[in-house]
Amino acid sequence: MCSVQSKYTQNNNSVIKKINQIENEVKQFLPSSKDDLDYFKIKYLGKNGVLNKLFDDFKTISVSEKKDVGKALNKLKSLVKSKLSFNPERQTTKTFKPEDLTKTVKNNNLGSRHPLAIVEQEIIEIFSSIGFSISEGPEIEDDWHNFTALNTPQEHPARDMQDTFFIQSNPDILLRSHTSSVQVRHMQKNPPPIRILSPGRVYRNEAISARAHCLFHQIEGLYIDKNVSFADLKQTLLFFAKKMFGEKSRIRLRPSFFPFTEPSAEVDVYWGLKTEADYRITKGTGWLEILGCGMVDPNVLENCNINSKSFTGFAFGMGIERIAMLKYKIDDIRLFYENDLRFLKQFSSYL
């Protein structure tokens, strides 16, 4: 009996000693490449590897001795696995280089400017080059600035030309139907000479369709000085058309009526008749209307405390949507308000 116990104790000491030797080998292992790790894994964890042979020897240990040997084996197995988590590529010594904060960021998802913003800016730049400055005003207006001061008294039939949004609790307050109200406010505060552009959003109670909307964007111009003539107006608008639509552009003026200008005219630009679409859009004439204009009515000047005998002036106004539709050949005004990325991404080159 004593001889059997001595045999098991000898086996136990032998296994423990072997485990300790292997543990020292594993601790000293430092891989320098992935191939080193692969070799290490096969050597210690492979089917015929070191650990499997040790677990076979473990079977010969007495039950009373298995606790110490098993603990040593599990410790060795954990050590081997920890070595396999070592990444030699991360351990290579590299010189630290701070990030270059001036480096251009690569971003393929850049946004784009809205086509209405593009066209508005282009119009402003054209007129700014000949001395026009920007003047802005409120979108919620009173009746006097939107109608009465512009030679459109309460019972004037011209009020029917614009289906206005009135505030129900106060019929004297409304959403402006044109940016001419901005011109009135500017004339009240600034003596001539005056040369301004008034861009902004306007509202009219109209059914929404491919050609009309209940809100749209206008840009109106006003020039008041001594001896301003209709010829000055025509030359200014011809200059605009050539810059906006090309140097070969032609315009024509047709008599019209606006309560705040006299005489008044509609301005057309020659679009051409090269395609079937040109015939349809221009109704077979080749001409397209782009804006309205005229000489400022003396009554408007007097309403704004400007002496109509000393000063004359002209005014013009256009819908930015109208110009954008012509410039980019867009046939539905609703596209400007639907935020369809397929439509808007077409203008990414105008950033």
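Parameters and conventions
- Residues numbered from 1 in each chain as written.
- Predicted model: local features only at pLDDT ≥ 70, side-chain atom pairs only at ≥ 80, totals over all residues.
- Heavy atoms only, no water.
- Helix = DSSP H or I, 4+ residues; strand = E, 2+ residues; numbered from the N terminus.
- Buried < 20%, exposed > 50% of the residue type's maximum accessible area, 1.4 Å probe, protein only.
- Contact = heavy atoms within 4.5 Å.
- Pairing = 2+ DSSP bridges.
- Core = buried A, V, L, I, M, F, W, Y, C linked by side-chain atoms within 4.5 Å.
- Axes fitted to C-alpha atoms, helices over the stretch in contact; angles between N-to-C directions.
- pLDDT = per-residue confidence, 0-100.
- Salt bridge = Lys/Arg side-chain N within 4 Å of Asp/Glu carboxyl O.

Novice: I'm lost on the overall build of the chain in this one. Help?
Specialist: Along the backbone of the chain there are 12 helices and 10 strands. Within the chain, buried positions represent 41% of all 351 residues. A fraction of 67% describes how many contacts in the chain between residues 6 or more apart in sequence connect residues 24 or more apart.

Novice: What is the right way to look at the pairing of strand S10 (residues 312–319) in this model?
Specialist: Note on strand geometry: in a regular strand, side chains alternate between the two faces of the sheet. Among the eight residues that make up S10, seven are buried, leaving the element largely enclosed by the rest of the structure. As paired strands, strand S6 (residues 215–225) and S10 are joined by eight bridges and run antiparallel to one another. Across the sheet, residue Gly221 finds its bridge partner in S10, namely Phe316. Bridge count for strand S9 (residues 287–296) against S10 is four bridges, and the pairing is antiparallel. Following the sheet pairing, Gly294 is matched in S10 by Ala315.

Novice: In this structure, what is going on with the nonpolar core? I would like to understand it.
Specialist: The tendency in soluble globular proteins is for nonpolar side chains to be buried side by side. Ile123, Phe240, Leu291, Phe316 and Met318 are the most contacted members of the largest nonpolar core, which totals 41 residues. Those elements giving two or more residues to this core turn out to be helix H5 (115–128), S6, helix H8 (230–245), strand S8 (261–270), S9, S10, helix H11 (320–328) and helix H12 (341–344). Sorting elements by how many residues they give to this core places H5 first, with seven residues. Contacts of Ile123, omitting those with residues within four sequence positions, involve Ile219, Phe240, Met244, Met318 and Ile323.

Novice: Any chance you could explain the sheet that holds strand S2 (residues 140–142) here in plain terms?
Specialist: Whenever strands of a sheet pair, they do so through backbone hydrogen bonds, lying parallel or antiparallel. Strand order in the open sheet formed by three strands is S2-S4-S3, and the pairing between neighbours is antiparallel. A strand with exactly one partner marks an edge of an open sheet, and here the two such strands are S2 and strand S3 (165–167). Each strand axis lies, on average, 45° off the axis of its neighbour in the sheet, ignoring direction. Pairing analysis gives three bridges linking S2 to strand S4 (residues 170–175), with the strands arranged antiparallel. Opposite Ile140, over in S4, you have Leu175 as the bridge partner.

Novice: Sorry, what's going on with unusual backbone geometry here?
Specialist: Only a minority of non-glycine residues have a phi that is not negative, and only a minority of peptide bonds are not trans. Going from Pro192 to Pro193, the amide bond is cis rather than trans, its omega being 5°. Examined against the element boundaries, Pro193 turns out to sit in the loop between helix H7 (180–189) and strand S5 (194–203). Not every positive phi belongs to a glycine, and Lys283 is a case in point at roughly 55°. Mapped onto the elements of the fold, Lys283 is located in the loop between helix H9 (276–281) and S9.

Novice: Help me understand the confidence of the model for the chain, please; the structure alone is not making it clear to me.
Specialist: Regions with low pLDDT carry predicted coordinates that are not meant to be interpreted in detail. Per-residue confidence for the chain averages 85 on the pLDDT scale, and 88% of its residues sit at or above 70. Every residue in residues 1–8 is under pLDDT 50, and counting partners more than four places away or in other chains gives two contacts.

Novice: Please clarify how the pattern of salt bridges should be interpreted in this entry.
Specialist: Once the charged atoms of two side chains with opposite charge are near each other, the side chains can pair. Taken as a whole and assessed by the stated rule, the structure comprises 11 salt bridges. Put simply, Lys327 and Glu122 hold a salt bridge, and the shortest N to O gap is 3.5 Å. One end of the pair, Lys327, is in helix H11; the other, Glu122, is in helix H5, and 205 residues separate them in sequence. What you see here is one network of salt bridges that share partners, running through Arg252, Arg254, Asp268 and Glu289.

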